[in-house]
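Coordinate analysis (summary)
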Amino acid sequence: MAEQTALADIRGDSGGKPDAAVVRDALGVGVAVGLSGFAFGVTSAGSGLTLVQTCALSLLVFTGASQFALVGALAAGGNPFAAAAGAFFLGVRNAFYGLRLSQLLALPRAVRPFAAQWVIDETAAVALAQPSRRAVRIGFAVTGLSLYVLWNLTTLLGAVGAEAIGDTEAWGLDAAGPAVFLALLAPMLKSVTERLVAGLAVVLGLGLLPVLPAGLPVLVAALAVPVVLWVRGRRGATADGDLRGTER
């Protein structure tokens, strides 16, 4: 039943986007985002992690937002457990991508654990934009492979470069990670609700930064989601009530 629903959500495999166009779009995303792994390598090495630890994070975790959050909290002197918790909560969104992609990709069971490593923002965005199952699979695979390879390669280069130049703060490279993360996040904020959530999260995070230990402000900032949704829900209910009163 789930597979039939997924098939109904995308057009038949007989038509749709040419394979070459899907590969081109997927490579564009993979290369553009993969290069930012250099900023992560620099940031991670600057926070005190070793070359092996930095590369292991990219190889095993492979979700940029969580990686930047983790090393950022550690660089600020945060508790490792709080830093890991913040990174974990940021990565939870990938599980929701996986629920949808599992239906659209319909991969064999033996392949799914390996494909799960590539379920991130970029692969989900490319795959969900495709018109057919074949295009979904190509977009997901090409984006995942190109991004995974390039992200890990540039992570290595960034970490080696950071060790070579010494103090990353003296060069201003400690700001590279957050800057890249914001540059990737900003275009995704398309609706009013998303922008309100992001704005409130920034206010909470920055406001609590001098008060709470490093790593905790990002966790508290996550409260922006239920707060904004609750406020908008209340406004919607009030508007509906006013409309019913007018109709009477």
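Per-chain numbering applies: the sequence of each chain, read as written, is numbered from 1 onward. Owing to the predicted nature of the model, reporting of local features is limited to residues with pLDDT of at least 70; listing and counting of side-chain atom pairs is limited to 80 or more, with chain, interface and lining totals taken over all residues. Each side-chain value is derived from all of the structure's non-hydrogen atoms; neither hydrogens nor water enter the calculation.

**Things to note about the packing of helix α9 (residues 121–128) against helix α10 (residues 133–165)**
- Their axes nearest at 8 Å, the elements α9 and α10 cross at an angle of 155°. In terms of their interaxial angle, α9 and α10 are classed as roughly antiparallel. α9 and α10 meet at a crossing whose hand is right-handed. Facing E122, T123, V126 and A127 of α9, the residues of α10 in contact are V136, G139, F140, T143, G144 and L147.
- Looking at the contact of α9 with α10 residue by residue, the classes come out as five nonpolar, four polar and one charged. Axis lines are fitted to C-alpha atoms, over the contacting stretch for helices. Their N-to-C directions set the angle, which ranges from 0 to 180 degrees. By definition, any uninterrupted DSSP run of H or I lasting at least four residues is a helix, any uninterrupted run of E lasting at least two residues is a strand, and each is numbered from the N terminus. The cut-offs work like this: below 35 degrees is roughly parallel, past 145 is roughly antiparallel, 65 to 115 is roughly perpendicular, and the gaps in between are oblique. In this scheme the handedness of a crossing depends on how the near helix is turned from the far one: anticlockwise by less than a right angle means left-handed, clockwise means right-handed. Contact definition: two residues touch when any of their heavy atoms are within 4.5 Å. As a working rule, the residues Ala, Val, Leu, Ile, Met, Phe, Trp, Tyr, Cys and Pro are called nonpolar, Asp, Glu, Lys and Arg charged, and the rest polar, with Gly in that last group.

**Overview of the packing of helix α5 (residues 64–75) against helix α6 (residues 80–91)**
- Packing of α5 against α6 leaves a shortest axis separation of 8 Å and a crossing angle of 160°. Between α5 and α6, the angle falls in the class roughly antiparallel. Every pair of crossing elements has a handedness; the one defined by α5 and α6 is right-handed. Touching A65, S66, A69, L70, A73 and L74 of α5 are P80, A83, A84, A87, L90 and G91, all from α6.
- The residue makeup of the contact of α5 with α6, split by class, is 10 nonpolar, two polar and no charged.

**Some details on the side chain of T143**
- Position of T143 relative to the elements: it lies in helix α10.
- Not counting the four nearest positions on each side in its chain, T143 is found in contact with A26, V29, G30, E122, T123 and V126.

**Concerning the pattern of salt bridges**
- Any carboxyl oxygen of Asp or Glu within 4 Å of a side-chain nitrogen of Lys or Arg constitutes a salt bridge here. Inspection of the entire model under this criterion finds three salt bridges.
- In this structure, R134 and D19 form a salt bridge, with 2.6 Å as the shortest nitrogen-oxygen distance. Taken as a pair, R134 in helix α10 and D19 in helix α2 (residues 19–34) lie far apart in primary sequence, 115 residues in all.
- Residue D19 is classed as partly exposed on the basis of its relative accessible area, which comes to 29%.
- In this structure, the salt-bridge partner of R93 is D121, at a minimum N-O distance of 2.9 Å. Of the two residues, R93 is situated in helix α7 (residues 93–105) and D121 in helix α9; the sequence distance between them amounts to 28 residues. Any residue under 20% of the maximum accessible area for its type is buried, any over 50% is exposed, and the rest in between are partly exposed; the area is computed with a 1.4 Å probe on protein chains only.

**With respect to the environment of A45**
- When you line up the elements, A45 lands in helix α3 (residues 37–46).
- Between the C-alpha atoms of A45 and A75, which are 30 residues apart in sequence, the distance is 9.5 Å.
- Beyond its immediate sequence surroundings of up to four residues, A45 is in contact with T54, A159 and A162.

**Focus: the environment of T193**
- Inspection of the secondary structure assignment puts T193 in helix α13 (residues 192–208).
- By relative accessible area, T193 is classed as partly exposed at 21%.
- Here the alpha-carbon distance between T193 and V228, two residues 35 residues apart in the chain, equals 7.2 Å.
- With sequence-adjacent residues up to four places away left out, T193 is seen in contact with V228, L229 and R232.

**Thoughts on the confidence of the model for the protein**
- Think of pLDDT as the predictor's per-residue confidence, scored from 0 to 100. When pLDDT is averaged along the protein, the result is 81, and 79% of the positions lie at 70 or above.
- The weakest mean pLDDT in the protein belongs to helix α1 (residues 2–9) at 46; the strongest belongs to helix α4 (residues 51–61) at 94.
- The low-confidence segment residues 1–9 (pLDDT under 50) makes seven contacts with residues lying over four places distant or belonging to another chain.

**Observations regarding a nonpolar patch on the surface**
- Within the patch definition used here, like charges are joined within 9 Å and nonpolar side chains (Val, Leu, Ile, Met, Phe, Trp, Tyr) within 5 Å, considering only residues with over 30% relative accessible area and no salt bridge. Accessible surface area values rest on a Shrake-Rupley calculation with a 1.4 Å probe, where residue burial reflects the displayed protein chains alone. Taken together, the side chains of L223, V227, W230 and V231 define a hydrophobic patch exposed on the protein surface, amounting to about 390 Å² of accessible area.
- Here W230 lies in helix α15 (residues 224–247).

**Here we look at α4**
- Residues T54, C55, L57 and S58 constitute the buried set of α4. Within α4, the buried residues cover an arc of 150° as seen down the axis, which keeps them to one side. Turned more than 90 degrees away from the buried face of α4 sit V52 and L60, all of them exposed.
- For α4, the secondary structure elements touched by its buried residues are α3, α5 and α10.
- The positive-phi residue at the C-terminal boundary of α4 is F62, with phi of around 50°. Here, the arc refers to the directions that run from the helix axis to the C-beta atoms.

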